[in-house]
Amino acid sequence: MIWLANHDPLTGLYNRHRFQQELERQFIEADRNSTRAAILLFDLDHFKDINDTSGHLAGDALLRKIAQELKNRVRKTDIAARLGGDEFAILMPSQTAEGALAFANLLNQRLTEQPLKIQQKIFRISASIGIAMIPEHGTVMDEVMANADLAMYQAKDRGRGRVHLFSYDDQSKQRISERTLWKQAIQEALTARRLVFHYQPIAVIKGREIRFFESLIRLKRIDGSLVAPAEFLEFAQLTGLINEIDRYAVEANIRLLTEFAERAPAGAVHVNLSGSALTNRDWTVALKSALKNNVLKPEQLIFEITETAAIADFGTAKEIMEDLATLGFRFAIDDFGAGFASFSYLRHLPVKFVKIDKSYVTNLIDNPQDRAFVSAITTLAHGNDIEVIAEGVENEATLVALGELGVDMAQGYFIGRPAPLAGD
């Protein structure tokens, strides 16, 4: 029990909690005896590619290999830890900047010299390593870790497989700092469950009754203010946190539909997924568990993916989608027309809904080309047993025109704005 509280069970290295304890002790030592220390923070380049192409067992094998290399290379006084995912840290007491740089470059050299062979595939390994010094680059833990993080992203921006020593003179500090701050904000929001959802209705055009609701994510700051997804999802993608957000969104909506069913909106809930969800199955675990335990019906959830995401890795996407479709879950292609706008691939995917991008809907009344596009897409969709939803409907005239073109459903401010559920 004591060992597990301080170590990462996969690699045997210290965990984030124990590393932070050791780092706090180092600050006390530095203050008391004016000693220096180095922090090395790094993650593995293209780690996601290994997970996606060879599975998580391959990824785990790589993480254990890295851990063993660290154990072989660090001094007895050094502290090596796995902070989570593919992120590692090393605390090197009584170390100079020159010594830390030499160690980091040697580590990367060792990694590149030892490619990993998994399932007959050879993977070249490298790391982007950021270095910050104590006390020059921070007199408290949060400051020095943030600066080491900045240096790590600077190493990435220089081409990966690189080492970078933090400097207050870095011209790109502001840009990298923004990424780091968002990474921290998203991690904190995930931990504190401050990612919340507003629900926007989707109505059947004939009869005007509400049929579905789309779940739209927001980040709630500590002061209660809300951040729109356009502001933080890009950084979630850049920092590798998008998979956690996918899983969070699915699990939160399962919880709504099962534990808090009395508050759930009437009709099925649409849940947006990133492109990463079509190459990573983690988010499906809770889904299948809820289904197996008979607490969730598959018709209660519809998953939305963009057309560009659907064809980015078509084979894997098709496999994951068909796996869930056999269980009764449905998929919608979001923002159709904003990317490739081709029906050829849709015939091979278990898609039940197409959402026409609002750029074709906003000027529908005055633009004959938009009307022709919507009409053609609707005809093709219906021929493939796919229903059509128009996004961005903001007035009665547009809604009537869509009905005349045969569009099945509409979504937009005219139908209803996104809003939190009662009690949120």
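What counts, and at which threshold
- The numbers attached to residues start from 1 for each chain and follow its sequence in the written order.
- Whole-chain, interface and lining totals are the exception, using all residues; otherwise, since this is a predicted model, local features are given only for residues with pLDDT of at least 70 and side-chain atom pairs are given and counted only at 80 or more.
- For the side-chain quantities, the full set of heavy atoms in the structure was used; hydrogens and water were omitted.
- Working definition: a ring pair exists when centres of Phe, Tyr or Trp rings (six-membered ring for Trp) sit within 6.5 Å. Plane angles under 30 degrees give stacked, over 60 give edge-to-face, the rest tilted.
- Counting from the N terminus, the helices are DSSP H or I runs at least four residues long and the strands are E runs at least two residues long.
- Only protein chains enter the accessibility calculation, which uses a 1.4 Å probe; a residue is then buried when its area is under 20% of its type maximum, exposed when over 50%, and partly exposed in between.
- Whether a charge sits over a ring comes down to the Lys NZ or Arg CZ being within 6 Å of the ring centre and within 35 degrees of the ring normal.
- Per residue, pLDDT captures the predictor's confidence, and it can take any value from 0 to 100.
- Throughout this description, the term salt bridge denotes a Lys or Arg side-chain nitrogen within 4 Å of a carboxyl oxygen of Asp or Glu.

Student: Got a sec to walk through the packing of aromatic side chains? Specific residues and values, please.
Tutor: Within the structure shown, the criterion is met by 10 aromatic pairs. Residues W283 and F303 carry aromatic rings whose centres are separated by 5.2 Å and whose planes lie at 70° to one another, so their mutual orientation is edge-to-face. Taken together, the residues W283 in the loop between β11 (268-272) and α10 (284-292) and F303 in strand β12 (residues 301-306) connect sequence positions 20 residues apart. With respect to class, W283 is no different from F303; both count as buried. Aromatic ring contacts, followed pair by pair, group W283, F303, F329 and F331 into a single cluster. Taking NZ or CZ as reference, R263 lies 6.0 Å from the ring centre of F260, over its face. Residue placement shows R417 over the ring face of Y413; its charged tip is 3.9 Å from the ring centre.

Student: Any details on the confidence of the model for the chain? Residues and values, ideally.
Tutor: Across the chain, pLDDT averages 88, with 94% of residues at or above 70. No element of the chain has a lower mean pLDDT than helix α3 (residues 47-54), at 68, and none a higher one than strand β16 (residues 409-410), at 98.

Student: How would you explain the pattern of salt bridges if you had to name every residue and give the values?
Tutor: Under the defined criterion, the tally for this structure stands at 21 salt bridges. R36 serves as the salt-bridge partner of E136, at 2.4 Å between the closest nitrogen and oxygen. Residue E136 is located in the loop between β6 (127-134) and α6 (141-157), and its partner R36 is located in the loop between α2 (16-33) and β1 (37-44); the two are separated by 100 residues in the primary sequence. On the basis of relative accessible area, E136 is assigned to the partly exposed category, the value being 36%. Exposure remark for R36: the relative accessible area of 33% places this residue in the partly exposed category. One salt bridge in this structure joins D323 and K288, with 2.7 Å as the shortest N-O distance. One end of the pair, D323, is in helix α12 (residues 314-325); the other, K288, is in helix α10, with 35 residues separating them in the sequence. Here K288 falls in the partly exposed class, since its relative accessible area comes to 33%.

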